[in-house]
Amino acid sequence: MNFIAMDFETANYQRHSACSLALVMVRNSQIVGEYYTLIQPETEFFWRNIQIHGIRPQDVVHAPKFPEVWQQIEQYYQENSLIVAHNAGFDTGVLTGCLEYYGLKQPHYLSLCTVKTSRKLYPEIANHKLNTMCELLDIPLNNHHDALEDSRACANILLHQEKKFGVEPLKKLVMMK
């Protein structure tokens, strides 16, 4: 499989408040690259979000704003690109929110949610949260809510599912964005 696993962390409840982003590049079912950046959101941080991911306003003072980040990553969001996230509705929503906020063109790409693949392939599990799936599949997740750690875990969940179940059941859950 070829795909990009994506994970955002946000400063608050607003979809355009991305404060970190990680991408993990997978080619021929092997992790071949990683991208991580803090992002300076043009909005306030909410204490609960800080409590979850540990990113504080002072951490992003010198970080790029989203348009600069988009220049670096836009190449990955093409019509035939598969972008994967655990709870993809959240992460694709943050991407869409950031692009809208800055008046940037929305890309069209293929999307796959590993929460949905996990629900389909492991219906007997009580919940399909990232940490639950990592524990079940023996995938390291040492710093949950660190965007790079979470995107690595997401990539490994999908790779594990591909190895165990093949690509056919996964293809049925791919959506166009």
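Residues numbered from 1 in each chain as written. Predicted model: local features only at pLDDT ≥ 70, side-chain atom pairs only at ≥ 80, totals over all residues. Heavy atoms only, no water.

Visitor: Describe helix 3 (residues 88-101), with residues and values.
Guide: In this model helix 3 runs 19 Å from its N-terminal to its C-terminal C-alpha over 14 residues, within 8% of the 20 Å that 1.5 Å per residue would give. Turning to helix 3, its buried residues are Ala88, Asp91, Thr92, Gly93, Val94, Leu95, Gly97, Cys98 and Leu99. Contacts from the buried residues of helix 3 go to strand 1 (3-10), strand 2 (18-27), helix 2 (66-73), strand 4 (82-85) and strand 5 (110-113). Glycine 103 lies just past helix 3 and shows a positive phi near 65 degrees. (Helix = DSSP H or I, 4+ residues; strand = E, 2+ residues; numbered from the N terminus. Expected span 1.5 Å × (residues − 1). Buried < 20%, exposed > 50% of the residue type's maximum accessible area, 1.4 Å probe, protein only. Contact = heavy atoms within 4.5 Å.)

Visitor: Lay out unusual backbone geometry with the relevant residues and their values.
Guide: Trans peptide bonds make up most of the peptide bonds, and negative phi angles are found at most residues other than glycine. Within the chain, serine 29 stands out as a residue other than glycine whose phi angle is a positive 60 degrees. If you trace the backbone, serine 29 turns up in the loop between strand 2 and strand 3 (30-38). At histidine 145, a residue that is not glycine, the phi angle is positive and equals roughly 80 degrees.

Visitor: Outline the UniProt feature "domain: Exonuclease" (unreviewed entry) in the chain, listing residues and values.
Guide: Look at the UniProt record and you will see "domain: Exonuclease" (unreviewed entry) annotated at residues 2-167. The straight-line gap between the two end C-alpha atoms of residues 2-167 is 11 Å; of that span, 39% is helix and 21% is strand. (UniProt positions renumbered as here; feature names shortened; annotations may be inferred.)

Visitor: An account of the environment of glutamate 42 is needed here, citing residue identities and associated values.
Guide: Within the secondary structure, glutamate 42 is located in the loop between strand 3 and helix 1 (47-53). You can call glutamate 42 partly exposed: its relative accessible area is 38%. Linking glutamate 42 and leucine 95, residues 53 residues apart in sequence, is a C-alpha distance of 15 Å. Beyond its immediate stretch of four places on either side in the chain, glutamate 42 contacts Lys65, Tyr101 and Tyr102. Side chain to side chain, glutamate 42 and tyrosine 102 meet in a polar contact 2.8 Å long. (Polar contact = N/O pair within 3.5 Å; in protein donor to acceptor, adjacent residues only side chain to side chain.)

Visitor: How would you explain the nonpolar core if you had to name every residue and give the values?
Guide: With 26 residues, the main nonpolar core has Phe3, Val84, Cys134 and Ile157 as its most contacted residues. Counting residues per element, the ones that place at least two in this core are strand 1, strand 2, strand 4, helix 5 (130-137) and helix 6 (147-165). With residues near it in sequence (within four places) discarded, cysteine 134 still touches Ile139, Leu141, Ala153 and Ile157. In terms of nonpolar packing, the next biggest core, distinct from the first, is built from 20 residues, Met6, Phe8, Leu23 and Tyr109 among them. (Core = buried A, V, L, I, M, F, W, Y, C linked by side-chain atoms within 4.5 Å.)

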